[in-house]
Amino acid sequence: MTLTPHVYWAQRHEEIYLRVELIDAQNINVHIHENILHFSAQGHGAKGENHYEFNLSFLLPVKPEVSHKSTQRQVNITIRKDQRGWWDRLTTQERKPVFLAPDFDRWLDESDAETEQREKERKNRMKTSKNQDYSFVSLKTGFLFMYNLVQFLGFSWIFTNMTVRLLIFGQDSLYDTFHAISDVMFFCQILAAVEVLNAAFGVVRTGVVPTLIQVVGRNFILFIIFGSLEEMHNKPVVFFVFYLWSAIEIFRYPFYMLGCIDTEWKALTWLRYTIWIPLYPLGVLAEAVAVIQSIPIFDETKLFNIPLPKVGTTIGFSHVLHVYLVLMCLGLYINFRHLYKQRKRRFHTKKRKAN
């Protein structure tokens, strides 16, 4: 006589779940042939330790692939429906087999199953969106970390090189700074244009205007005032401009770099938000001196003069530089105010958290 275990079933729109009450089941054989599920196994069931088996002829077509998982107390079987839908019953015969009963632990009516499916799809969408966001964040973090690392290495090289040269050659090192340092400074300042794009496209949370003022201002000094005039290459003001720029950046870039990996060094944080207070105005002062020293040279060489043929005259570039000196004062005010707000917000927030 064939022994059958107790079998409990439940369904969803796409799957059928069977729970076979069989303790310590072994030699499990589950397969579907011609839309009929065949099950056999050795285990402890309703009639003690025996060989149990059963067959189920499904009401509607199912997929031939079947999955099962055995636990110490039962065997769980999952069958996928061939077409999505809700069945009135499990088997072809209207009268259900005596060994078969509803699995009330998993039982849902059709509307509840629809709700469960929608919730599952919503969670999957959220998970997919979260993974996509995480991938974007990871890519953005990696990009920002590498950018700040490259800039830190560049400005560290500049600062270290200038310091060593000053210690070895003394005052003589002030006159050949441009020839010794300019290539790396050109690279770092060209690369700094990325900071404007980062602010403009929301990659980092910072104001576009202060970033644009700093990047454009420095590149104007570097390329127009120093780069285009050979007479400026040997002037000591180049040393002071480059040294002050690099002295600020060797604290700023590692601060941002560590921020990418959620790490903070308190001493570095304090320096990043404090060292600019004396150095930034001194840097602008050095830039203004460079512009003033370049004005007679531009008047003499007539470089970058703007011709006005209809009027029969030209506008000397030195006039542009006079206007630029005024704009430098405005830029100093905007950036100093921006940096001061950043410092106040940073330390005020930390003090409030401590309280």
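Fair warning: this is a prediction, and the values are worked out from it, not measured in the lab.

S.K.: Can you help me understand the packing of aromatic side chains in this one?
M.R.: To describe a pair of aromatic rings, one takes the distance between the centres and the angle between the planes. In total, this model carries 22 aromatic pairs according to the counting rule given. Aromatic ring contacts, followed pair by pair, group Phe220, Phe298, Phe304, Phe317 and Tyr324 into a single cluster. Taking the ring centre of Tyr17 as reference, the NZ or CZ of Arg106 above it sits at 3.8 Å. Over the ring of Tyr253 we find Arg252; its NZ or CZ atom is 4.6 Å from the centre of that ring.

S.K.: Would you mind going over the sheet that holds strand S4 (residues 36-45) with me for this structure?
M.R.: By definition, the strands of a sheet pair up through backbone hydrogen bonds, in either a parallel or an antiparallel sense. As summarised here, the arrangement of the 3 strands in space is S3-S4-S5, forming an open sheet in which the pairing is antiparallel. Either end of the sheet is taken by a strand with one partner, and the two such strands are strand S3 (23-33) and strand S5 (48-57). Neighbour-to-neighbour, the strand axes of the sheet open up by a mean angle of 10 degrees, direction not taken into account. Relative to S4, S3 runs antiparallel, the two being bridged by 7 bridges. Counterpart to Asn29 in the pairing with S4 is Ser40.

S.K.: Would you explain the side chain of Gln342 in this entry?
M.R.: Relative to the elements of secondary structure, Gln342 occurs in helix H8 (residues 317-354). In this structure Gln342 comes out as buried when scored by relative accessible area, which is 14%. Not counting residues up to four positions away in its chain, the partners in contact with Gln342 are Thr206, Arg272 and Tyr273.

S.K.: What is the right way to read the packing of helix H4 (residues 208-227) against helix H5 (residues 236-260) from this model?
M.R.: Interaxial distance between H4 and H5 falls to 12 Å at its minimum, and their mutual angle equals 150 degrees. In this view, H4 runs roughly antiparallel relative to H5, as classed from their interaxial angle. Note on packing geometry: the crossing formed by H4 with H5 is left-handed. On the side of H4, the interface is formed by Gln214, Arg218, Ile221, Leu222 and Phe226, while H5 contributes Val237, Val238, Val241, Phe242, Trp245, Glu249 and Arg252. Class assignment for the residues of the contact of H4 with H5 results in 8 nonpolar, 1 polar and 3 charged.

S.K.: Sorry if this is basic, but what is going on with the nonpolar core here?
M.R.: Soluble globular proteins tend to bury their nonpolar side chains together. Counting residues in hydrophobic clusters, the biggest one holds 48 residues, and the most contacted among them are Ile221, Ile225, Phe226, Met232, Phe242, Val291 and Leu321. Mapped onto this core, the elements with two or more residues apiece are helix H1 (110-169), helix H2 (177-191), H4, H5, helix H7 (276-301) and H8. Ignoring anything within four residues of it in the chain, the contact list for Phe242 reads Met162, Thr177, Phe178, Ile181, Ser182, Met185, Leu222 and Phe226. Grouped together as the second largest cluster of nonpolar side chains are 25 residues, Leu3, Ile77, Trp87 and Leu100 included.

The rules we used
Residues numbered from 1 in each chain as written. Predicted model: local features only at pLDDT ≥ 70, side-chain atom pairs only at ≥ 80, totals over all residues. Heavy atoms only, no water. Phe/Tyr/Trp six-rings, centres within 6.5 Å; stacked < 30°, edge-to-face > 60°. Lys NZ or Arg CZ within 6 Å of the ring centre and 35° of its normal. Pairing = 2+ DSSP bridges. Helix = DSSP H or I, 4+ residues; strand = E, 2+ residues; numbered from the N terminus. Axes fitted to C-alpha atoms, helices over the stretch in contact; angles between N-to-C directions. Buried < 20%, exposed > 50% of the residue type's maximum accessible area, 1.4 Å probe, protein only. Contact = heavy atoms within 4.5 Å. Parallel < 35°, antiparallel > 145°, perpendicular 65-115°, else oblique. Left-handed = near helix turned anticlockwise from the far one by under 90°. Nonpolar A, V, L, I, M, F, W, Y, C, P; charged D, E, K, R; others polar. Core = buried A, V, L, I, M, F, W, Y, C linked by side-chain atoms within 4.5 Å.

That is the geometry; function is a separate question.
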